[in-house]
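Examining the three-dimensional arrangement
So the chains spell out like this:
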Amino acid sequence: MADESETRNWLELPRDVTAAIISRVGIIEILDNVQKVCTLWRDICNDPSMWRSVDFHDVGKLWYYDLEKMCMRAVDLSKGDLDHINIEHFGTDDILTHVTERSSHLRRLRLVSCPEISDKGLREAAPKLTSMEELEISYCYFSPATLAAVGRCCPHLKIIQV
């Protein structure tokens, strides 16, 4: 059994170390649990720098969560500094609109298996994606005309992967 003198207090860790540890936990766990542990962890989870990259990969099987609401919350927590977002299996026109209205510096967008994002939704989002450099679309269908419109609206687009 460990001696009480060997017990460590997690709250004594430097803030940047705690933030690095928290950043390695999945996004669902951060939004649903980690931020409820203590005031320090909530403050770290509410820091916009934690939300520059939002990765909802492999969450399609988590049907019992309101992924749309969680995604919008993560975007809001970025306070406009979102750089990269990955949305898999639950993207909608509403989510894409939310992302583009609140993320003027978005550089990378990845959409995987998001049949609820329409050509119209992507075309309407495109003019707001002026900083975008990379677009990856997998298992989604968008017309060539829509993809061409995205290309015209995104002057910094270097990579489009379909």
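Residues numbered from 1 in each chain as written. Predicted model: local features only at pLDDT ≥ 70, side-chain atom pairs only at ≥ 80, totals over all residues. Heavy atoms only, no water.

1. What to know about the overall build of the protein chain
As a reminder of what qualifies: For the purposes of this entry, the term helix denotes a DSSP run of H or I that reaches at least four residues, the term strand denotes a run of E that reaches at least two, and both are numbered from the N terminus. Three exposure classes are used, based on accessible area relative to the maximum for each residue type with a 1.4 Å probe and protein chains only: buried under 20%, partly exposed in between, and exposed over 50%. Residues are treated as being in contact if the distance between any of their heavy atoms lies within 4.5 Å. To be clear on the numbers: accessible area is Shrake-Rupley with a 1.4 Å probe, and residue cover counts the displayed protein chains and nothing else. In this tally, Lys and Arg are treated as positive and Asp and Glu as negative; His is ignored, and so are the chain termini. Charge positions come from single atoms, namely NZ of Lys, CZ of Arg, CG of Asp or CD of Glu.
Helix and strand content of the protein chain: seven helices and five strands. In sequence order, the secondary structure elements of the protein chain are arranged as α-α-α-β-α-β-α-β-α-β-α-β. Along the first, second and third principal axes, the C-alpha atoms of the protein chain reach 65 × 30 × 20 Å. Per-residue burial for the protein chain yields a buried fraction of 43% across its 162 residues. Residue pairs in contact within the protein chain that sit at least 24 positions apart in sequence constitute 66% of those at least 6 positions apart. On the protein chain, roughly 9400 Å² of surface is accessible, and the fraction owed to carbon and sulfur atoms is 51%. Looking at charge distribution, the protein chain has the averaged site of its 19 positive side-chain charges lying 5 Å from that of its 26 negative ones.

2. Details of the environment of Ser104
Position of Ser104 among the secondary structure elements: in the loop between α5 (93-102) and β3 (108-112). Between the C-alpha atoms of Ser104 and Thr146, which are 42 residues apart in sequence, the distance is 20 Å. Setting aside residues up to four positions removed in sequence, Ser104 forms contacts with Gly80 and Ser131.

3. Quick word on the side chain of Gln35
With respect to the secondary-structure elements, Gln35 resides in the loop between α2 (27-32) and α3 (39-45). Taking the relative accessible area as the measure of exposure, Gln35 reaches 14% and is therefore buried. For Gln35, the contacting residues outside a window of four places in its chain are Ile30, Trp41, Arg42, Cys45, Asn46 and Arg73.

4. Section: the pattern of salt bridges
Test applied: Each salt bridge in this description consists of a side-chain nitrogen of Lys or Arg and a carboxyl oxygen of Asp or Glu lying within 4 Å of one another.
Across all of its chains, the model carries nine salt bridges by this definition. For Arg110, the salt bridge identified is with Glu88, shortest N-O distance 2.5 Å. Here Glu88 lies in strand β2 (residues 84-88) and Arg110 lies in strand β3, a separation of 22 residues in the sequence. Since its relative accessible area comes to 24%, Arg110 is described here as partly exposed. Here Glu136 ties to Arg110 by a salt bridge, and the two come within 3.1 Å at their closest N and O atoms.

5. Regarding a nonpolar patch on the surface
Applied cut-off: Surface patches are defined over residues having more than 30% relative accessible area and no salt bridge, joining like charges when they lie within 9 Å and nonpolar side chains (Val, Leu, Ile, Met, Phe, Trp, Tyr) when within 5 Å.
The grouping of Trp10, Leu13, Val17 and Ile21 at the surface amounts to a nonpolar patch, some 330 Å² of accessible area in total. What makes Val17 partly exposed here is its relative accessible area of 33%.

6. Quick look at the nonpolar core
A general tendency of soluble globular proteins is for nonpolar side chains to be buried together. The following threshold applies: The set of buried Ala, Val, Leu, Ile, Met, Phe, Trp, Tyr and Cys residues whose side-chain atoms join them within 4.5 Å is what this entry labels a nonpolar core.
Counting 48 residues, the largest nonpolar core has Trp51, Phe56, Ile85 and Leu109 as its most contacted members. For this core, the element with the most residues is helix α4 (residues 67-77), which contributes seven residues. If we ignore the near neighbours within four places in the chain, the residues touching Ile85 are Val54, Cys71, Val75, Val99, Leu106, Arg108, Leu109 and Arg110.

Read these as spatial facts, not as claims about activity.
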